[in-house]
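Structure at a glance
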Amino acid sequence: MILYEEERNRGRDEGISEYGFSAGECYMAQKILQGKILIIEDEEGIVHLLNLYLKDAGYEVVVARDGADGLALHAREHPDLVILDIMLPALDGFEVCRRIRAWSQTPILMLTARGDEEDRIAGLELGADDYLVKPFSPRELVSRVRAILRRVGSSESGEVQAAQGRDKSSPDNEHEVLRFPSLTVDLAARRVEVDRSEVALTPTEFDLLALLAQSPERVFTREMLMNKIWGYDYYGDGHIIDVHISALRKKIEANSEYRYIKTVWRVGYKFEVGPKA
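Residues numbered from 1 in each chain as written. Predicted model: local features only at pLDDT ≥ 70, side-chain atom pairs only at ≥ 80, totals over all residues. Heavy atoms only, no water.

Our focus in this paragraph is the side chain of D207. For D207, the position within the fold is in helix α9 (residues 203-213). Among the residues examined, D207 registers a relative accessible area of 12% and is labelled buried. (Helix = DSSP H or I, 4+ residues; strand = E, 2+ residues; numbered from the N terminus. Buried < 20%, exposed > 50% of the residue type's maximum accessible area, 1.4 Å probe, protein only.)

Residue pairs spaced three or four apart in an α-helix point in one direction, given the helix's 3.6 residues per turn. Listed in full, the buried residues belonging to helix α4 (residues 67-77) are G67, G70, L71, L73 and H74. Buried residues in α4, looked at end-on, bunch into an arc of 165°, giving them a common side. Those residues of α4 that are buried lie in contact with β1 (36-40), β2 (60-64), β3 (81-85) and α5 (93-103). The backbone nitrogen of A68 lies 3.2 Å from a side-chain oxygen of the residue at the head of α4, namely D66. H78 sits one or two positions beyond α4 and adopts a positive phi of about 50°. (Arc of directions from axis to C-beta. Contact = heavy atoms within 4.5 Å. Polar contact = N/O pair within 3.5 Å; in protein donor to acceptor, adjacent residues only side chain to side chain.)

The next thing to look at is the environment of V82. One can find V82 in strand β3. Judged by its relative accessible area of 0%, V82 falls in the buried class. Taking the C-alpha atoms as reference points, V82 and V63, 19 residues apart in sequence, are found 9.9 Å from one another. Filtering out sequence-adjacent residues up to four positions away, V82 remains in contact with L38, I40, H74, I100, T106, P107, I108 and L109.

With that out of the way, let us pick up the pattern of salt bridges. In total, this model carries 21 salt bridges according to the counting rule given. One salt bridge connects E43 with K134, and the closest N-O pair in it is separated by 3.4 Å. On the criterion of sequence distance, the pair formed by E43 in the loop between β1 and α3 (44-56) and K134 in the loop between β5 (130-133) and α7 (138-164) is long-range, its members being 91 residues apart. Among the residues examined, E43 registers a relative accessible area of 41% and is labelled partly exposed. In this structure, the salt-bridge partner of E77 is R76, at a minimum N-O distance of 3.9 Å. Through salt bridges with shared partners, one network takes in E217, R259, K262, K270 and E272. (Salt bridge = Lys/Arg side-chain N within 4 Å of Asp/Glu carboxyl O.)

The next subject is unusual backbone geometry. Generally, phi is negative for residues other than glycine and the peptide bonds are trans, each holding for most cases. Note that the residue after K134, namely P135, is joined by a cis bond; omega there is -5°. One can find P135 in the loop between β5 and α7. One non-glycine residue, R266, adopts positive backbone phi at about 65°.

Moving on to the nonpolar core. Grouped together as the largest cluster of nonpolar side chains are 74 residues, with contacts concentrated most on L54 and I83. Apart from residues no more than four positions distant in its own chain, L54 is found in contact with I37, I39, Y59, V61, I83, L141 and V145. (Core = buried A, V, L, I, M, F, W, Y, C linked by side-chain atoms within 4.5 Å.)

With that settled, the discussion passes to the sheet that holds strand β8 (residues 191-194). Read across the open sheet, the four strands follow the order β6-β7-β8-β9; overall the sheet is antiparallel. Sheet topology places β6 (177-180) and β9 (197-199) at the edges, where each strand pairs with a single neighbour. Each neighbouring strand pair of the sheet contributes to a mean axis angle of 25°, computed without reference to strand direction. Bridge count for β6 against strand β7 (residues 183-186) is four bridges, and the pairing is antiparallel. Considered in β7, the bridge of F180 is made with L183. (Pairing = 2+ DSSP bridges. Axes fitted to C-alpha atoms, helices over the stretch in contact; angles between N-to-C directions.)

What follows is the structure, given as structure tokens:
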């Protein structure tokens, strides 16, 4: 709790909100940053703080105290993002994440206990977009939410443009489709096929694949990938990239004769098509 109170008090002294904006900027942010956030968390203290900071940032907030209620609220409210705690009564966060991913691509930000690296990896492999380790800074929480929703908003804009231009066969549309041996990446439609079968990717996985595939042989550091995918105000660590790349490889290389993403030791990753070893 000390971490949250220190940030709140410092913001008051400096005339800024808890998430780092002046009063005028806060007003504009509330007009621009509109979205519905579903919090699935059973700790009242954390629920109170998340509710406070997210509403202050201009978001609508709905809350569930257990996994079953969270799934029901997700189906009824259609939130723009889910903040999901792993340790929930009855139905844990892993199962909630798995069930949401079975019917929806709603972005999921998972909350994990300090030191539970295996939990973080498991959550990302199930399809979560990001994670925060408790205790966390409210400024960081709002930054993560904004970064995820900004990226998803850009993705949805691309899908709308793809739908509008789907019936048009022109050279301008052709370059939106990247073709490699056994792999097709439709950038505008955000569709991936391996051996002519569609592969379901999370928004983060698709963005990583699209970025790498558009620049074959170019080496991207983890920091470059984080900045490109989440934005320059992202607070996360490079390990999240490794987990997303691992999950992406499993999906696009499992049923293919080729490997597509190569690890550049101590540097990062690059897109390189080659036969499996």
